[in-house]
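# Fold and contact review
Listed below, chain by chain, are the residues.
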Amino acid sequence: MTTLRPFTCDDMFRFNFVNLDPLTETYGLTFYLQYMAHWPEYFQLTEAPGGEIMGYIMGKAEGHGTNWHGHVTALSVAPDYRRLGLAAKLMSGLEEISEKKQAYFVDLFVRVSNTVAINMYKNLGYIIYRTVLEYYSGSPDEDAYDMRKALSRDVDKLSVVPLTHPVRPEDIE
């Protein structure tokens, strides 16, 4: 049976296999530790019965006023465990935490070329809110979609009215 549990410091030495996907952003050790310290409830993983890490989600709560929201910083599932609904389970958990924190919406950034992820997020109720030009560094740089899903606090769904023009990373609040 798959277990959903908080990510711990010990897991830092066991989750590299999950991060081998070229579409998964990897960060420095201090970045992961900062998330564990500040937003531990938003840093969860799924574990197989044998103890293998199957996937994880890392996020945070941020913003002010009607921009108060949950943010998905990273979501990754190891190749051997894809198409089992684990990403949806991890996303649902982050959304529940954001609801408890009375957030208006959940957002995330995804490469415009990652059609598999974009379609998965759409199936989970996310919309493309805006395009962020050259968000991902590379050769060449790649644009991102800022995808959002309104939560129950946003009764009028104002947080998910799409913008008609792209923005640059420095213009993001």
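Throughout what follows, the structure given in this document is the object of discussion. (Residues numbered from 1 in each chain as written. Predicted model: local features only at pLDDT ≥ 70, side-chain atom pairs only at ≥ 80, totals over all residues. Heavy atoms only, no water.)

## Observations regarding the side chain of H69
Structurally, H69 can be placed in strand β4 (residues 69-77). A distance of 2.6 Å separates the side chain of H69 from the backbone oxygen of N67, its partner in a polar contact. Side-chain polar atoms of H69 contact the side chain of D107, separated by 3.5 Å. When sequence neighbours within four positions are dropped, the list of residues in contact with H69 reads K60, A61, E62, A103, F105 and D107. (Helix = DSSP H or I, 4+ residues; strand = E, 2+ residues; numbered from the N terminus. Polar contact = N/O pair within 3.5 Å; in protein donor to acceptor, adjacent residues only side chain to side chain. Contact = heavy atoms within 4.5 Å.)

## Looking at the packing of aromatic side chains
For the structure shown, the criterion picks out 14 aromatic pairs. Ring geometry for F31 against Y35: centres 4.9 Å apart, planes inclined by 45°, an arrangement best described as tilted. One end of the pair is F31 and the other is Y35, both in helix α1 (residues 29-38) and four residues apart, which spans about a single turn. Residue Y35 is classed as buried on the basis of its relative accessible area of 3%. Pairing Y135 with Y136 gives two aromatic rings, centres 5.0 Å apart and planes at 85°, and the pair type is edge-to-face. Y135 gets classed as partly exposed once you look at its relative accessible area, which sits at 31%. Each residue in the set F7, F15, Y27, F31, Y32, Y35, W39, F43 and Y56 is aromatic and connected to the rest through ring pairs, giving one cluster. (Phe/Tyr/Trp six-rings, centres within 6.5 Å; stacked < 30°, edge-to-face > 60°. Buried < 20%, exposed > 50% of the residue type's maximum accessible area, 1.4 Å probe, protein only.)

## Looking at helix α3 (residues 115-123)
Of the positions making up α3, those classed as buried are A117, I118 and Y121. The arc that holds every buried residue of α3, seen down its axis, measures 100°, which confines them to one face. In α3, the exposed positions that point more than 90 degrees away from the buried face belong to V116 and N123. Against β4, α2 (86-100), β5 (105-111) and β7 (142-150) lie the buried residues of α3. One or two steps after α3, the chain reaches G125, where phi turns positive at roughly 100°. (Arc of directions from axis to C-beta.)

## Concerning the sheet that holds strand β6 (residues 127-136)
The strand order β1-β2-β3-β4-β5-β7-β6 describes an open sheet built from seven strands, whose pairing is mixed. What marks the edges here is a single partner per strand, and that holds for β1 (3-6) and β6. Neighbour-to-neighbour, the strand axes of this sheet turn through a mean angle of 25°, independent of strand direction. Where β1 meets strand β2 (residues 43-47), four bridges bridge the pair, whose relative direction is antiparallel. Considered in β2, the bridge of R5 is made with L45. Seen against the sheet, α3 touches β4, β5, β6 and β7 and runs at an angle of roughly 165° to β5. (Pairing = 2+ DSSP bridges. Axes fitted to C-alpha atoms, helices over the stretch in contact; angles between N-to-C directions.)

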